[in-house]
Each structure stands twice: as structure tokens, then as C-alpha cells.
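# Structural overview
One letter stands for each residue in the lines below.
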Amino acid sequence: MKQKIITTMDRIGHRITSINPSPLLKQVPTLIPCLIAAVLATTSPDVAITDLPSVVGGGIGIVLATIVAWMLTANVRWQRYILAVPAIDVLAISAMEHGTNSVNSVIAAGTIVPLLWFTAEAGRRHLSLSVAGTLLMVFAAYRLFNGRAELPNAVELARDRFTFVVISTVSCMVVFGLMRLGRRRMDNIELMLAESRAHAESLRNSEARVSAAEGLLRGLWEAITEQSAIGTDESGLIDAWNPGAVKMLGVAEDAALGKRHIDEFHLSAELAERATELDTLVGSEAANPGFEALIEAARLGITDVREWTYLREDGSHVPVELSVTTRLDGAGETVGYLFVAHDLTKAREVSRLKDEFVGLISHELRTPLSSILGYLELMRDEDDVQLSEQQLGFLDVAERNANRLLRLVGDLLFTAQVESGTFRLNEHAQPLAPILAASVESARPVADAAGIVMVLDATEDCIVNADAVRLGQGCDNLISNAIKFTPRGGTVTVGVGESGSSAVITVADTGMGIAADELDQLFSRFFRTTTATRNAVPGVGLGLVITRAIARAHGGDMGVTSVEGVGTTFSMTLPLLETAKV
């Protein structure tokens, strides 16, 4: 019972303090003046009580109206009878006014509040009914407490009740203002509701799109089974692990998430070597130097793609091509890293088999080609048989094509040796100028026949530790390419110079040039540029591969710059001999 009373009081308190005042709260402005008037009537000599029963009855009426207001506040369903409260107030105040001399009663002003209440409350539905009801209530009180059956005359109305008429008029004006304000408020509310509905619809659509995008990403993430995709936080702790990572590394998702670090799946020797390259030595102040070696390039905003070796859970190794990128939040701040790896095991096996096949075929082809060339030479030198000019021409064609095929077989065998690591050099201290001069002189007849000017600029005395035969082969390839891709009237310039601790051999032409998007493919086996294909330039795409292999075998490298329609410059960088630099 006690708990029920407390709950009821809490409910009433909430209704009293809500934005729309409750009947009890509306009754307070009437109750307080009546209490003050009652105190004045009993203590002030200026207020005379002429009819004590009327005063007592009026006080009981005020208390009754307050009780009714409390009951209506406690039960919302009864609030349709709310106008009973101001009606009781008017009658009660009229009784108190009559009992304290109606002409000069101080309680008369108390009638204002319930009249305003009645007018405003009823006027929202029907203003004329409100005004009529207010006046009827006033005259009923006048008749009841003045003991007269007839209505008061004009003088009495002007003296005793004109104030109530004025109050009703003012109430009407207030109601009109409230109605206009209410309409404006309703318009604003409807506008706000429309905006809220539109915003809610937009949110629902956005949520649907986000949900669809999340579903798509989740599906894509689960569908990547041939590549491992691993996400980490900034410390390297794994927080994303796709099915491809499970397949590649042999670790279940729940065993990796939040428990393992990405560097645990890398060979420590490779991490240490990479850290040394970055001057981030293992054992430095970095909390995890191995992880820092993995993400250094990505941390600087560079997408890092390189070959690594993954360490499986069973201890076996997996060669991978690993791409490392940063993960950003909505503000563009780095929150982690993404590691996407492609298994190179099959690719390397295919490459090995291909190299073995090329080497085997090359060896098998060299023997019959050598035999063919030998017999062609015997036929040419046969003294017993006199060959005609036409027959000798046929022999020249056969010999030329056999030599061309033999060179091609030699190139294939050379590339197989490079890939298998069996390529060896016979290195000695060599000046570069004589090697370049020999290559230029060998190519000059071909250049003259094609109408191309050969220029040699090899005045600097650059000495390198090199295999003269292989280096000459590389220079021959570069000069031959330049001649093939330069039209009649063009120029091929061969030069050599020093750059720091390196010697740089350059072969520049004024030929067709190479498209910018093809430059990074030039040193791939069997690659042919679009200009070579379009202009039917002969070749199989092995010359540059061989030349770069020779340069790298000498500790150098190759470079290229080109502009379509202007020309191409190839550069071969070789380390100068230490004694030559002193």
C-alpha cells in the first residue's frame, strides 16, 4: 500500500512539472491569493466579515476545487471534467466576496484567475461557448449570493460586475493570440516532423547502404582464399585474419586474432637484413625492430611490395610477394597496417622448370646447328665441286640463318644460366674505351648500310674489373638495338664517363622512342614494345635481359630514358676499379 502511494505521488509530481501544466498546478494561482485574502480578512480591521457562513462555505469550496484538481492530476482520464475546477473556484470566491462586503471586498480580484482559466481552456474548442459560460457562471454567483431572483441592473453591473466582463473580453483576446500562436507552433512542429521523417528516411537509406557495403566487403574478405590478408594495429598485433591466411600459414583465425604478431610469421634473418638496410638495427631503441622493418616504407606513405619468406606454423617456409599498406581512420590517422601476400611457390617452380626446359632445349639445339654450320662450310670449301654464284648465294642464306639461330640458342642458354645462378665471369682490370670502340667498329657496316651515323665519345680512361667478352656482348646488344630502332638519317652516340665511384656507359639514339607505360617492362624476357611490333623490327626480346644480367653480374645495373618520336638512351652503370679511383 505504501509503495502504491509513493508511485502515485511520483506520477503526480511528474504531471505537475511537465511542459503542459496539470490541473493542480493551474489551481495554485487561485489557491494562494485566497489564502492571503483569508489571512487579511481575519487580521486586518479594514476587512469586515458580514456573513461568516458565506466565508466558510467559500473556503470549503476552494478546498473542494483543490481536491478535485488533485484527483484530475492523478488520473488523466478524468481531465475532461477539468472546467469543474474553475467553476467551483468562481462560486467559492463569490461566496467569500459576499461574506466580506461585496462592494469593497479584497477577494474580488481572486475571480480573475479562474475566469481566465475557464475562458482559455474552453475557448480552444469553442470561444463563444466559453464566453457565454463565463458570464452565466458570474451571474449565477451574483444571484446565489446576493439573494435576488432578478438580474442586476446596469448600475449594479457597472459597479459590481463590470470587471468580470472586461476580464472575459481580455480572455477572448488572449485566446485568439494563443490560437494564432498554437497554429504557428503546429506549423513549426509539422515542419520539424517532416524534416525529422526525411532525416530518418535518409538515415535508414544510409544504414541500408552501409549494411550492404559491409556485407559485400565481408563476402569479398571471406572469398579471398588464395591470398593471405592480415590486418594489424600499430604495434603489429593481429586483428584481422582472412581464410587465405588460414590456408597459407596453417593457423586458425581464433588462434591468431589478438594473440599473435605479424613478425612472428617472418624469418628473423630477413627482418634483420631489412632493418640493416633501413639503418634500423635489431636491438635498437625500437620496441619491435622486426616489425618496424616490415612497415617502414608503408609508414612513410609508400606502398611497399617486395618478396619475403613466411614461416608456417609447422616450420615450413612459403616464399611470398608481400604488399604492405596503412589502415586509416575517418580522420586520416594511421590505426594499423594491412599485409596482403601472394604465394610464389608455384610461380617459382614454373620458372625453374621453364629455365630447365630452355637450358635443355638450348643444349640439344646447339649440337645440330653446329653440325649444319660445319657442313655448310665444307660445301663452300669443296675443291672437287665448282658451285655457281646462285648456289653460293643459297649457302650464304643458309649459313646466315643458321648463325642467327645459333645466336638465339646461345641467348636462351645464357638466360637459363643467369636464372639458375650458373652464370660465371672471367674478370680482369679492363679499360672501357677499347671495348666500346670494338663494338662500334663491329656495328659500323650495318649502320652505314642503314644510313645511320655512329658517334663514339670515349675519351675518359675508365677502368673496371670486368669480363671483356661478356661486357662487349652487352655493348653489342645495346648498339644493335639502337640501330634497329633508328630510321635512316639518324644518329647513334656511344659514350662513357664517370659518376662518383661508377663508370657509366651510354648508348643514345634518335629513333622511334618507347611509350612511358612500357619502360618498366623492357627488361622482361620476350617483351616486345608496341613500336617494335608496329614497325616490324626483328628480335625476340632477349637482348636487354641479357645486357642487364651482364651489368648486374659486374655489380652494376641498367637504366633507360625515352621519349616517343624523339629517341632513347640506355645507360649501363659499373663500379670503377678501386685502383683507378686513387
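We now turn to the structure provided with this report. (Residues numbered from 1 in each chain as written. Predicted model: local features only at pLDDT ≥ 70, side-chain atom pairs only at ≥ 80, totals over all residues. Heavy atoms only, no water.)

### A look at the sheet that holds strand 4 (residues 317-328)
- What the five strands build is an open sheet, ordered 2-1-5-4-3; its pairing is antiparallel. Either end of the sheet is taken by a strand with one partner, and the two such strands are strand 2 (238-241) and strand 3 (304-311). In this sheet, adjacent strand axes meet at a mean angle of 30 degrees when their direction is disregarded.
- Bridge count between strand 3 and strand 4: eight bridges; the pairing is antiparallel. Paired with Glu307 across the bridge in strand 4 is Glu321. (Pairing = 2+ DSSP bridges. Helix = DSSP H or I, 4+ residues; strand = E, 2+ residues; numbered from the N terminus. Axes fitted to C-alpha atoms, helices over the stretch in contact; angles between N-to-C directions.)

### Digging into the packing of helix 3 (residues 52-74) against helix 4 (residues 84-99)
- One can describe the packing of helix 3 onto helix 4 by two numbers: an axis separation of 7 Å at closest approach and a directional angle of 165 degrees. It follows that helix 3 is roughly antiparallel to helix 4 by the angle criterion. Remark: the crossing between helix 3 and helix 4 carries left-handed chirality. Mapping the contact onto sequence places Ser54, Val55, Gly58, Gly59, Gly61, Ile62, Ala65, Val68, Ala69 and Leu72 in helix 3 and Val85, Ile88, Asp89, Ala92, Ile93, Ala95, Met96, His98 and Gly99 in helix 4.
- Within the contact of helix 3 with helix 4, the residues separate by chemical class into 12 nonpolar, six polar and one charged. (Parallel < 35°, antiparallel > 145°, perpendicular 65-115°, else oblique. Left-handed = near helix turned anticlockwise from the far one by under 90°. Contact = heavy atoms within 4.5 Å. Nonpolar A, V, L, I, M, F, W, Y, C, P; charged D, E, K, R; others polar.)

### Here's the deal with the packing of aromatic side chains
- All told, the structure shown has two aromatic pairs when counted by the stated rule.
- Ring geometry for Trp241 and Phe265: centres 5.5 Å apart, planes at 45 degrees, overall tilted. Placement of the pair is Trp241 in strand 2 and Phe265 in the loop between helix 9 (253-256) and helix 10 (268-277), with a sequence separation of 24 residues. Accessibility classification places Trp241 together with Phe265 in one group, the buried group.
- Pairing Phe291 with Tyr337 gives two aromatic rings, centres 5.9 Å apart and planes at 75 degrees, and the pair type is edge-to-face. You can see Phe291 sitting in helix 11 (residues 289-299) and its partner Tyr337 sitting in strand 5 (residues 334-343), a full 46 residues away along the chain. You'll find Phe291 and Tyr337 in the same group, each marked buried. (Phe/Tyr/Trp six-rings, centres within 6.5 Å; stacked < 30°, edge-to-face > 60°. Buried < 20%, exposed > 50% of the residue type's maximum accessible area, 1.4 Å probe, protein only.)

### Focus on the sheet that holds strand 9 (residues 491-499)
- In spatial order, the strands read 7-9-10-12-11; together these five strands make up an open sheet with mixed pairing. Because the sheet does not close on itself, it has two edges, and the strands there are strand 7 (453-457) and strand 11 (557-563). The average angle at which neighbouring strand axes cross in this sheet is 15 degrees, direction not considered.
- The pairing of strand 7 with strand 9 spans five bridges and is classified as parallel. Its bridge partner being in strand 9, Asp457 is matched across the sheet by Gly495.
- With respect to the sheet, helix 17 (residues 543-553) is in contact with strand 11 and strand 12 (567-575), its orientation differing from that of strand 11 by roughly 135 degrees.

### Details of helix 4
- With 16 residues, helix 4 should cover 22 Å at 1.5 Å per step; its first-to-last C-alpha distance of 23 Å lies within 8% of that length.
- Looking at helix 4, one finds that the buried residues are Val85, Pro86, Asp89, Val90, Ala92, Ile93, Ser94, Ala95, Met96, Glu97 and Gly99. (Expected span 1.5 Å × (residues − 1).)

### Observations regarding the environment of Ala549
- Here Ala549 is to be found in helix 17.
- By relative accessible area, which is 15% here, Ala549 ends up buried.
- For the pair Ala549 and Phe523, spaced 26 residues apart in the sequence, the C-alpha separation amounts to 9.5 Å.

### Some remarks on a nonpolar patch on the surface
- Taken together, the side chains of Val63, Ile67, Trp70, Met71, Trp78 and Tyr81 make up a nonpolar region of the molecular surface, amounting to roughly 590 Å² of accessible area.
- Looking at where Val63 falls in the secondary structure, it is placed in helix 3. (Patch = residues over 30% accessible without salt bridge, like charges linked within 9 Å, V, L, I, M, F, W, Y side chains within 5 Å. Areas by Shrake-Rupley, 256 points an atom, 1.4 Å probe, with all protein chains shown as cover. Salt bridge = Lys/Arg side-chain N within 4 Å of Asp/Glu carboxyl O.)

### A look at helix 15 (residues 468-484)
- A rise of 1.5 Å per residue sets the reference length of helix 15, with its 17 residues, at 24 Å; its end C-alpha atoms lie 24 Å apart and thus fit the reference within 8%.
- Of all the residues in helix 15, the buried ones are Leu471, Gly472, Gln473, Gly474, Cys475, Asn477, Leu478, Ile479, Asn481, Ala482 and Ile483.
- For helix 15, the N-terminal capping position is held by Asp467, with its side-chain oxygen 3.1 Å away from the main-chain nitrogen of Val469. (Polar contact = N/O pair within 3.5 Å; in protein donor to acceptor, adjacent residues only side chain to side chain.)

### A short note on the pairing of strand 9
- Relative to strand 10 (residues 502-509), strand 9 runs antiparallel, the two being bridged by eight bridges. Each bridged residue has a counterpart across the sheet, and for Ser499 the counterpart in strand 10 is Ser502.
- Counting the residues in the hairpin turn of strand 9 and strand 10 gives two residues, including Gly500, whose phi is positive at 70 degrees.

### Thoughts on the nonpolar core
- Ranked by size, the top nonpolar core spans 41 residues in total, and within it Leu432 and Leu471 carry the most contacts.
- Among the secondary structure elements, those contributing two or more residues to this core are helix 13 (389-420), helix 14 (432-449), strand 8 (463-466), helix 15, strand 9, strand 10, helix 17 and strand 12.
- Once residues lying within four places of it in the same chain are set aside, the contact partners of Leu432 are Cys462, Val464, Leu471, Val496, Ala503, Ile505 and Leu574.
- Residues Ile238, Ala245, Ile262 and Tyr310 belong to the second largest nonpolar core, which totals 24 residues. (Core = buried A, V, L, I, M, F, W, Y, C linked by side-chain atoms within 4.5 Å.)

### Details of the packing of helix 15 against helix 17
- One can describe the packing of helix 15 onto helix 17 by two numbers: an axis separation of 9 Å at closest approach and a directional angle of 145 degrees. The two elements helix 15 and helix 17 meet at a crossing, and its hand is left-handed. Across from Arg470, Leu471, Gln473, Gly474, Asn477, Leu478 and Asn481 in helix 15, the residues of helix 17 making contact are Gly543, Leu544, Ile546, Thr547 and Ile550.
- A per-class count over the contact of helix 15 with helix 17 returns five nonpolar, six polar and one charged.

### A look at the environment of Phe485
- Here Phe485 shows up in the loop between helix 15 and strand 9.
- Judged by its relative accessible area of 17%, Phe485 is buried.
- Spatially, the C-alpha atom of Phe485 lies 5.4 Å from that of Gly511, the residues being 26 residues apart in sequence.

### A look at a negative patch on the surface
- Residues Glu377, Asp381, Glu382 and Asp384 make up a contiguous surface patch of negative charge.
- Within the secondary structure layout, Glu382 lies in the loop between helix 12 (345-381) and helix 13.
- On the basis of relative accessibility, which here comes to 36%, the residue Glu382 falls in the partly exposed class. (Lys, Arg positive; Asp, Glu negative; His and termini not counted. Charge placed at Lys NZ, Arg CZ, Asp CG, Glu CD.)

### Some thoughts on the pairing of strand 12
- Relative to strand 12, strand 10 runs antiparallel, the two being bridged by seven bridges. What sits directly across from Val507, in strand 12, is Phe570.
- Pairing of strand 11 with strand 12, which is carried by seven bridges, proceeds in the antiparallel orientation. When the bridges of strand 12 are listed, Gly559 appears paired with Ser571.

The quantities given are spatial measurements derived from coordinates; they are silent on function.
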